[in-house]
Amino acid sequence: MSIEERKGPVAPKDPTKKRPYFYIMQDKQIFAAPQPDGRGIQFIFEDMGRLPDSAKLQGNVTDEEILNLLPTAEGFRKLVHSIGVCVTEESGKEEVNFVLQMYGQNQGDPATIVSKRFLADGSEQIIDLAEIDWCDTDKVVGQIRFEFDKARVQAIADVCLYLNDGFEAPEQITDSAVDFASDAYKEMIERSVMQKGNLERLHKVTEKAKNGEDVTLSFIGGSITQGAGAIPIHEKSYARIYADAFEEKYANGGKVNLIKAGVGGTPSELGMIRFERDILRDGKEKPDLIVIEFAVNDEGDETKGVCYESLVRKCLALPWKPAVVLLFAVFSYDWNLQDRLGPVGERYDLPMVSVLDAVSPQFTCKPGEGRVISKKQFFYDIYHPSNLGHQVMCDCLMKMTAEADAQTEFEKEDDLLGRTPAIGADFEKVYLLDRKDISSATIEEGSFTGTDNILQMVEMDSEVVPVAQFPNNWHYDGESDDPKPFCMKISCTKLLLVMKDSGENIFGTAEVYVDGRKVLDADPLVNGWTHCNPLIILNGAEVAMHEVEIRMAKGHEHKKFTILGFGVVL
């Protein structure tokens, strides 16, 4: 018998010693959102400081050198030897294409795309960066994508970065499961009751449901209310699971309807303009409950709270007297604007729910010594809650709802709108003017005759397929040598322009004039992504006829620009 014939099973080679590594994603739930081509993609953006924050949250990284190297393309290549990716889909039969994409120095520059296609069966895939042909124009780590051949696939993803020689990684920590039934969890949720206020209106909502009547629960806010971080977004957002929990606990044969109107990256300055369209559905809906969530979106509000209070008063002015609850979400660095906006709730005796008060005090505690849920578990990224985080937000709202349901005696409600505003209410009567209805204005479109169909997309209500925001717009396509200005005459006290921001340099700056005076250079590239941007262009005190002119800036005649609409105050 030859040596070869005598051989039995070959012993495996000694495993290659793993390099130091840390996670930027761990047990992250992903969902293949439907795309126009039939595929499903989970996008995870890592630019604008998000990648170092992912390393801090998921990988326990505190080394400043590592954190400073991560965001730039040059630093990333110096630091990272290889990428470990693990995707687990329930059947183990779906294939996934993992993509890490760099962004270039300028818009349109070529940039490196690192990708690998594999079976989503839970096995780790290693991508050696030494094998990548890098572009000289790479600037920053831009985004990560998980691309599936079909939509609606759900999976769990881990992504870790293996480090080059000379770098050390911290110990990677695995969190214990959150015990939702524990006394510590209940105490954490109880801390969210920032102010009960007058709970009579909310009590009436639970009574209506228990009496077998239909109720409508509505939510307006930013990306957290949209459901960002929830997987899948249409089933696991805090608004959706709150509606489900409310129905299970209080409904007695009636229907619980959900209106979810969160728009990512936008403040109450836009929320007050779209309120009638997105919450009241142009008079077709009369919500019983309105939850307002702008506490992490309003830092850029030009009015520092006046728009927020104006929105609150819009809700309180509705003749059927819906319950109004102020919800204060939180970012991973334990921040929100409840100190600025809380006085509004105090002025009108409104229930206020603070997620910051609930979760932030226990984040610094050790397991077994007071910590209920870690930041890594609560946050999907530095801004948005994970599924666990959305569940916590739901439970905070349900706690306030239970307080209202249990209460039987209430103070008599006076004329809330007769109270002096806490901050201001100058925009309380704002309404949206867009191409759908221009009856209150005289408009000459000039060269702004087109309609832009590439708009910010948002998952509304319980839908997974996003819908375009502000589709009734005025668009200039950049094709005229002598573009004519957009002109409008309108009677009002105050006026806001809602413009489209873009990340494409085919868009250019427009000059905005009111009554012949230039008031604004409207640059759609400042924010760097496609979204809706409200800007005050007139802030008067008395009703008067005004003339508005929007023209392309010199040198931008062959660039595009989109007017999404206007917020008008009489």
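Keep in mind that this is a model prediction, so the values were computed, not measured.

How each quantity is defined
Position numbers for residues count from 1 along each chain, tracking the sequence in the order it is written. For this predicted model, a pLDDT threshold of at least 70 governs which residues receive local features, and a threshold of 80 or more governs which side-chain atom pairs are given and counted, while totals over whole chains, interfaces and linings are taken from all residues. For the side-chain quantities, the full set of heavy atoms in the structure was used; hydrogens and water were omitted. Salt bridge, as applied in this entry: a Lys or Arg side-chain nitrogen positioned within 4 Å of an Asp or Glu carboxyl oxygen. Relative accessible area decides the class of each residue, using a 1.4 Å probe on protein chains only: under 20% of the type maximum gives buried, over 50% gives exposed, and in between gives partly exposed. Strands here are runs of E lasting at least two residues and helices are runs of H or I lasting at least four, both read from the DSSP assignment and numbered beginning at the N terminus. Two N or O atoms count as a polar contact when they lie within 3.5 Å, although within protein this holds only if one can serve as hydrogen donor and the other as acceptor, and sequence-adjacent residues are included solely when both atoms are side-chain atoms. Throughout, a contact is declared for two residues whenever any of their heavy atoms are within 4.5 Å. Criterion used throughout: strands pair if DSSP finds at least two bridges between them. The convention used is that axes are lines fitted to C-alpha atoms, helices contributing only their stretch in contact, and that angles between N-to-C directions extend from 0 to 180 degrees. Per-residue confidence from the prediction method is given by pLDDT, with values spanning 0 to 100. Here the angle decides the label: under 35 degrees means roughly parallel, over 145 means roughly antiparallel, 65 to 115 means roughly perpendicular, and every other value means oblique. A crossing counts as left-handed when the near helix is turned anticlockwise from the far one by less than a right angle, and as right-handed when that turn is clockwise.

**A look at the pattern of salt bridges**
Under the definition given, this model contains 33 salt bridges. A salt bridge links Arg 419 to Asp 414, with the shortest nitrogen-to-oxygen separation between them at 3.0 Å. Asp 482 is the salt-bridge partner of Lys 484, the closest N and O atoms lying 3.2 Å from each other. The partly exposed category is assigned to Lys 484, whose relative accessible area is 44%. Salt bridges here are not isolated pairs; linked through shared partners, they connect Asp 37, Arg 39, Arg 145 and Glu 147.

**Points about the side chain of Thr 303**
Its location among the elements puts Thr 303 in the loop between strand E13 (289–293) and helix H11 (306–316). By relative accessible area, Thr 303 is classed as buried at 16%. Within the structure, the side chain of Thr 303 is placed 3.0 Å from the backbone nitrogen of Cys 307, a separation counted as a polar contact. The residues contacting Thr 303, other than those within four sequence positions of it, are Phe 427 and Ile 536.

**Here we look at the sheet that holds strand E7 (residues 125–128)**
Spatial strand order, E1-E9-E4-E7: four strands in an open sheet with antiparallel pairing. Each having just a single partner strand, strand E1 (21–31) and E7 make up the two edges of the open sheet. Geometrically, the sheet is characterised by an average inter-axis angle of 20° between neighbouring strands, direction not taken into account. Taken together, the four bridges between strand E4 (residues 80–89) and E7 define a ladder with antiparallel strand orientation. Within E7, the residue paired with Val 85 across the bridge is Gln 125.

**Let's talk about the confidence of the model for the chain**
Looking at the chain as a whole, the pLDDT averages 94, with 97% of positions reaching at least 70. The low-confidence segment residues 1–16 (pLDDT under 50) makes one contact with residues lying over four places distant or belonging to another chain.

**What about the pairing of strand E17 (residues 441–444)?**
Residues Ala 441 and Ile 443 line the buried face of E17, whereas the alternating positions Thr 442 and Glu 444 sit on a face that is not buried. Where E17 meets strand E21 (residues 486–501), four bridges bridge the pair, whose relative direction is antiparallel. Paired with Glu 444 across the bridge in E21 is Cys 487.

**Focus on helix H10 (residues 268–278)**
By the criterion of burial, H10 is predominantly enclosed, with 10 of the 11 residues buried. If you check which residues of H10 are buried, you get Ser 268, Glu 269, Leu 270, Gly 271, Met 272, Ile 273, Arg 274, Phe 275, Arg 277 and Asp 278.

**A short note on the environment of Val 193**
With respect to the element layout, Val 193 can be found in strand E10 (residues 193–195). As a C-alpha pair, Val 193 and Cys 532 span 339 residues in sequence and 32 Å in three-dimensional space. With sequence-adjacent residues up to four places away left out, Val 193 is seen in contact with Met 352, Lys 399 and Met 400.

**Overview of the sheet that holds strand E3 (residues 40–45)**
A sheet is described by the order of its strands in space; here five strands give the open sequence E2-E3-E8-E5-E6, paired in antiparallel fashion. Every other strand in the sheet has two partners, leaving strand E2 (33–34) and strand E6 (113–119) as the edge strands with one partner each. Sheet topology places strand E5 (residues 95–104) next to E6; seven bridges connect them, and they run antiparallel. Of the residues in E6, the one forming a bridge with Gln 101 is Ile 113.

**Focus on the side chain of Arg 277**
Mapped onto the elements, Arg 277 comes out in helix H10. Assessed through its relative accessible area of 17%, Arg 277 is described here as buried. For Arg 277, the residues in contact, after removing those within four places along its chain, are Asp 282, Leu 432, Gln 469 and Phe 470.

**Regarding the packing of helix H9 (residues 238–250) against helix H15 (residues 387–406)**
Closest axis-to-axis distance for the H9/H15 pair is 9 Å, and the angle between their directions is 40°. With respect to H15, the axis of H9 lies oblique. For the pair H9 and H15, the crossing hand works out as right-handed. Between H9, through Tyr 238, Ile 241, Tyr 242, Ala 245, Phe 246, Lys 249 and Tyr 250, and H15, the contact on the second element is made entirely by His 390, Gln 391, Met 393, Cys 394, Leu 397, Met 398, Thr 401, Ala 402 and Asp 405.

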